[in-house]
Amino acid sequence: MKKVFISYRRKESSGYSRLVYDRLRAAQSDWDIFMDVEGIPAGENWRNVLGARIDSSDIMIVLIGREWLTMTEPNGVRRLDNPDDVTRWEIASALEKKKKLIPVLLEDVPPLANEELPALLSPLAGMQTLSIRHETFNADLENLIARITGRGLREKLRWEQGRRVLERSKRWSVPAITLLMLVILWVGLLDLFTLETRTTTWSLALADMLFPAQLEANVSLVAIPGTFNTHAPSARATYAELISRLTEAGAGAILLDLVFHESRDQDETLSAAFEAAADAGTSVFFGFAELEERKPRAVKILAESVGGLGLVCVGRRLGYTMMMPIAMNYREAESRNEPDRISSLPGIALLGAAGRVSVDSLNPESNSLTLAAGDGRKLQYPISLLERIHATPKGCKAMNPDTQSALILLRLSPLAALRAYDRRIDMNAVLAGQFDGNIIRGRTVIVGLEAPEEEFTVAYGLGPEQRYGYELYADAINTLVTNRIVRPLGVYPQVFLMLAISSLGAWLGIKLFGRPAYFRRLVFAVLMFLYLLLSVYLVAEENLLLHTAYDLFTLTVAYLLFRRFSTKWLV
């Protein structure tokens, strides 16, 4: 918005000043035009008001009539030579503040000569002047507007007409852009270029760094050293001893991030340790990663003596572990008397959070799963998304293309918290009895192998980080127990959000038209940065995941489209 100050002498150009003021306001309704008769409230100090208006103005129009130069005071002194003359003071103040001045000569007044002006006002003589005459008033006013805006009155009218066309086009193009972006979101087009996955990964990573998740779950970790030979004949006897020690220490539950696919000589010893733990009130669970005859693959005697089997798989995107399957649907073998049945199995993290439960159903409508507890109670757990498996993940043959997995996006706690002395114990220390029982008593204990094949890359903060699989299960349990399940924005809110973003992009395309390229880029970059910050905040504090890549793509498309429209209709 232009701010214009009109300077004039009342006795010799008040008629022209009023006409110029009225016509400028009519032609440029969005300008702030000041003339002292209209702009000074009663009782105000006129010099203070004029000084403030000159300070805030962009342009001063100086109306120069026939007597402007020669008008005198009653004592015969020329007014321009009087330091207290209002017109002289206005112009001198504007020159001192380096405001843009446009001298306007009324009715063929000759150009100003340098020697005719006081030294303080002499720069006026070197300025390009405009003329306004009664006979050519409209054309002369158009020239004045053109000098200020770079557009004449006709161009201004065409520009206003173009703006009205743009406003009408927004009524159909904004919904059309929104519909197109929703289709692109539905087919996952940006996922083909990994843009959505990248923004999701780093939104979670920054949220966990800027708003760290506290490890509130009552869990402890027991590390099996990487040097331990899990295939040794005595390995399962060692596990049995470990289970006995943890049970004696009062563990509430024990999760073994281990699979037992093949029978070994010590299976009965390990089975006895499982049963003894159950008798002492300690539930024991171990994992499975494959299905055999459409059932979890595990040594039968071991499977029958534990509280349950849980899926031990993690979900990767772009090489980063960012999600955890907490349950899965799978198709049971077809029988002769009935069609295929769909059954559900829990993940090891879900067993760690909910205890001895079975999965009753996975509910795609509400993005949740229903659990059946041993006492018959039904429990509801929210999930991040329900995903149908299209290709078997590496190291997890159980999740074949016939299965569907309930996933949660992992909220990572600081690694230092997972590996703190009061949270993590080495297996050898447990076997030797050299540990503080308070670390185990009443807690869910997760036992896992610290070996290179069990390391996973996660995005945390501004870079990648290595964590072991059983540490990720601790984070998954913490996510479930603290109910920090990050869920994508629902369908209807997403529609309204994209409508708003499309409207914003269209508004920017029009509003920034004609601005310098660096300014447009700066505004757009700041908006994108602020939106990314908003998405990180919503993940951290509201457990809400925006489709950031698609939202920013919508903003860009709407902006570029309306910038193109502006080029066509506003030029």
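What counts and what doesn't
Residues numbered from 1 in each chain as written. Predicted model: local features only at pLDDT ≥ 70, side-chain atom pairs only at ≥ 80, totals over all residues. Heavy atoms only, no water. Phe/Tyr/Trp six-rings, centres within 6.5 Å; stacked < 30°, edge-to-face > 60°. Lys NZ or Arg CZ within 6 Å of the ring centre and 35° of its normal. Helix = DSSP H or I, 4+ residues; strand = E, 2+ residues; numbered from the N terminus. Contact = heavy atoms within 4.5 Å. Buried < 20%, exposed > 50% of the residue type's maximum accessible area, 1.4 Å probe, protein only. Pairing = 2+ DSSP bridges. Right-handed = clockwise from strand over helix to strand, strands pointing away. Disulfide = S-S within 2.5 Å. Axes fitted to C-alpha atoms, helices over the stretch in contact; angles between N-to-C directions. Parallel < 35°, antiparallel > 145°, perpendicular 65-115°, else oblique. Left-handed = near helix turned anticlockwise from the far one by under 90°. Nonpolar A, V, L, I, M, F, W, Y, C, P; charged D, E, K, R; others polar.

Colleague: I would appreciate a short explanation of the packing of aromatic side chains in the present structure.
Modeller: Any two aromatic rings considered together are summarised by their centre-to-centre distance and by the angle between their planes. For the coordinates displayed, the defined rule picks out eight aromatic pairs. Following the ring pairs from residue to residue traces out a cluster consisting of F228, Y239, F260, F274 and F286. Against the face of W89 rests R47, its NZ or CZ located 4.9 Å from the ring centre. For R467, the ring lying beneath its charged end belongs to Y460, and the centroid distance is 5.3 Å.

Colleague: What exactly am I supposed to notice about the side chain of H547 here?
Modeller: Locating H547 in the fold gives a position in the loop between β25 (544-545) and α17 (548-569). Residues within four places of H547 in sequence aside, it is in contact with L185, E196, P488, L489 and Q494.

Colleague: Could you clarify how one ought to interpret the pairing of strand β8 (residues 283-288) in this entry?
Modeller: Each regular strand carries side chains that alternate between the two faces of the sheet. The element β8 is extensively covered by neighbouring structure, given that five of its six residues are classed as buried. With five bridges joining them, strand β7 (residues 253-259) and β8 adopt parallel strand pairing. Bridging across to β8, L255 finds its partner in F285. Handedness of the crossover joining β7 and β8 through helix α9 (residues 267-279): right-handed. Pairing of β8 with strand β11 (residues 308-311) involves four bridges; the strand directions are parallel. In the sheet register, G287 faces β11, and the bridge partner there is G310.

Colleague: Got a minute to help me understand the state of the cysteines in this structure?
Modeller: In a disulfide, the sulfur atoms of two cysteines are held together by a covalent bond. Taken as a whole, this structure holds one disulfide when the rule is applied. In this model, C313 is linked to C396 through a disulfide, with the two sulfur atoms separated by 1.6 Å. Here C313 and C396 share a disulfide; its torsion about the S-S bond, 85°, makes the bridge right-handed. With C313 in the loop between β11 and β12 (315-317) and C396 in the loop between β18 (385-388) and β19 (404-409), the pair connects residues that are 83 residues apart, well separated along the chain. Residue C313 shares its accessibility class with C396, and that shared class is buried.

Colleague: What's the story with the packing of helix α16 (residues 517-542) against α17 in this structure? I'm lost.
Modeller: Direction vectors running N to C along α16 and α17 enclose 155°, while the axes themselves pass 11 Å from each other. The angle between the axes of α16 and α17 places the two elements in the roughly antiparallel class. As α16 packs across α17, the resulting crossing turns out to be right-handed. Along the contact surface, α16 presents R520, F524, M528, Y531, L532 and S535, while α17 presents T548, D551, L552, L555, T556, Y559 and R563. Its residues assigned to classes, the contact of α16 with α17 comprises seven nonpolar, three polar and three charged.

Colleague: Help me understand the sheet that holds strand β2 (residues 32-34), please; the structure alone is not making it clear to me.
Modeller: To summarise the sheet geometry, strands pair through backbone hydrogen bonds and adopt either a parallel or an antiparallel arrangement. Spatially, β2-β1-β3-β4-β5 is the arrangement adopted by the five strands of the open sheet, whose pairing is parallel. Single-partner strands in this sheet number two, and they are β2 and β5 (130-132). Ignoring which end each strand starts from, the neighbouring axes of this sheet average 25° apart. Two strands pair when backbone bridges link them, and strand β3 (residues 59-64) and strand β4 (residues 100-106) are joined in this way by six bridges, in the parallel orientation. Each bridged residue has a counterpart across the sheet, and for M60 the counterpart in β4 is L101.

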